[in-house]
Amino acid sequence: MLGGIFLTHLHSDHVVDLNNILVNGIYNGLQSVEKIPVWGPGNRNALPPLFGKGPAPSPISPANPTPGTKEMTELMVQLFATDLNDRIFDNRKPSPAQLWEGMDVPVPEKYLANPNGAPAPSMEPFTFFEDDRVKVSAILVNHAPVFPALAYRFDTDDGSVVFSGDTARCSNLIRLAQGADVLVHEVIDEDWVAQLFPEPRDEASEGLYQHLLQAHTLKTEVGPIAAEAGVGTLVLSHLVPVVQPESVWAACAKGFDGQLVVGRDLDVIDVGK
Ligand SMILES: [Zn+2]
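Note that this is a predicted model, so its numbers are computed, not measured. (Residues numbered from 1 in each chain as written. Predicted model: local features only at pLDDT ≥ 70, side-chain atom pairs only at ≥ 80, totals over all residues. Heavy atoms only, no water.)

(A) Molecular detail of the sheet that holds strand β3 (residues 100-104). The strand order β1-β2-β3 describes an open sheet built from three strands, whose pairing is parallel. Each edge of the sheet is formed by a strand with only one pairing partner; in this case those strands are β1 (5-6) and β3. Bridge analysis of strand β2 (residues 36-40) against β3 gives five bridges, and the strand direction is parallel. Among the inter-strand pairings, Pro-37 is bridged to a residue of β3, identified as Glu-101. Its contacts with the sheet put helix α3 (residues 69-79) on β2 and β3, and the angle it makes with β3 is roughly 150 degrees. (Pairing = 2+ DSSP bridges. Helix = DSSP H or I, 4+ residues; strand = E, 2+ residues; numbered from the N terminus. Contact = heavy atoms within 4.5 Å. Axes fitted to C-alpha atoms, helices over the stretch in contact; angles between N-to-C directions.)

Right under this line is the structure:
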């Protein structure tokens, strides 16, 4: 039963399955309680800065180069209009307008003033969704030049879970995760990055090298982050690269007394009592 979708940021590796869930899933048996909200960051409202020297490339979709979650979801419906109309007319399926709705997480305006002002401004978590089962809060994290990039906290009567999304070490995230039962946190193996991009690096490889180290959390940092947040269980997610042996990630327990889980697809993690 699907009650909602929460996107941390709009990098393609985090949204590529959205159509699979919404169109192929719902039209092929995936159950939902009612219309499914698809929450995520709003419009960036500015292109990222150009890395390196030389003339700027032409942006994609110059009239609106950085659509947010609500716009992206609406554009996705347009993109698949041929298929969706076929289902609505020929198969008498309900319209997407009855099935799901893109929603921009309402980050307080004052924190959105400078999309290129990394790191993300220091702030308190804010709650944007609450029903009788779950309270959902968010905070900005450091995944520059991606902005807004969000982390989420889900509080229920049975326990609490925090998802870091993609982020470098971030004090906002540690604030959001205080005392949570489970922290699902991204991690990157900095030794692998150094091997992948040996010196000397050209402009393109220097750009990617810098992005990987400055926009993600190093394996030596993630254990101390979990300890500082005081969480019970740390689940490593978004392992970069995923092919590393288990021993590389097991080392992330250093500095953390709780339970460490090296996350794998389709894992089920217990929460609370
Ligand atoms: Zn990302």
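(B) Structural context of the environment of Pro-94. Relative to the assigned elements, Pro-94 resides in the loop between α4 (81-90) and α5 (96-99). Exposure remark for Pro-94: the relative accessible area of 34% places this residue in the partly exposed category. Separated by 45 residues in the primary sequence, Pro-94 and Ile-139 have C-alpha atoms spaced 35 Å apart. Apart from the residues within four sequence positions on either side, Pro-94 is in contact with Tyr-27, Ile-88 and Leu-99. (Buried < 20%, exposed > 50% of the residue type's maximum accessible area, 1.4 Å probe, protein only.)

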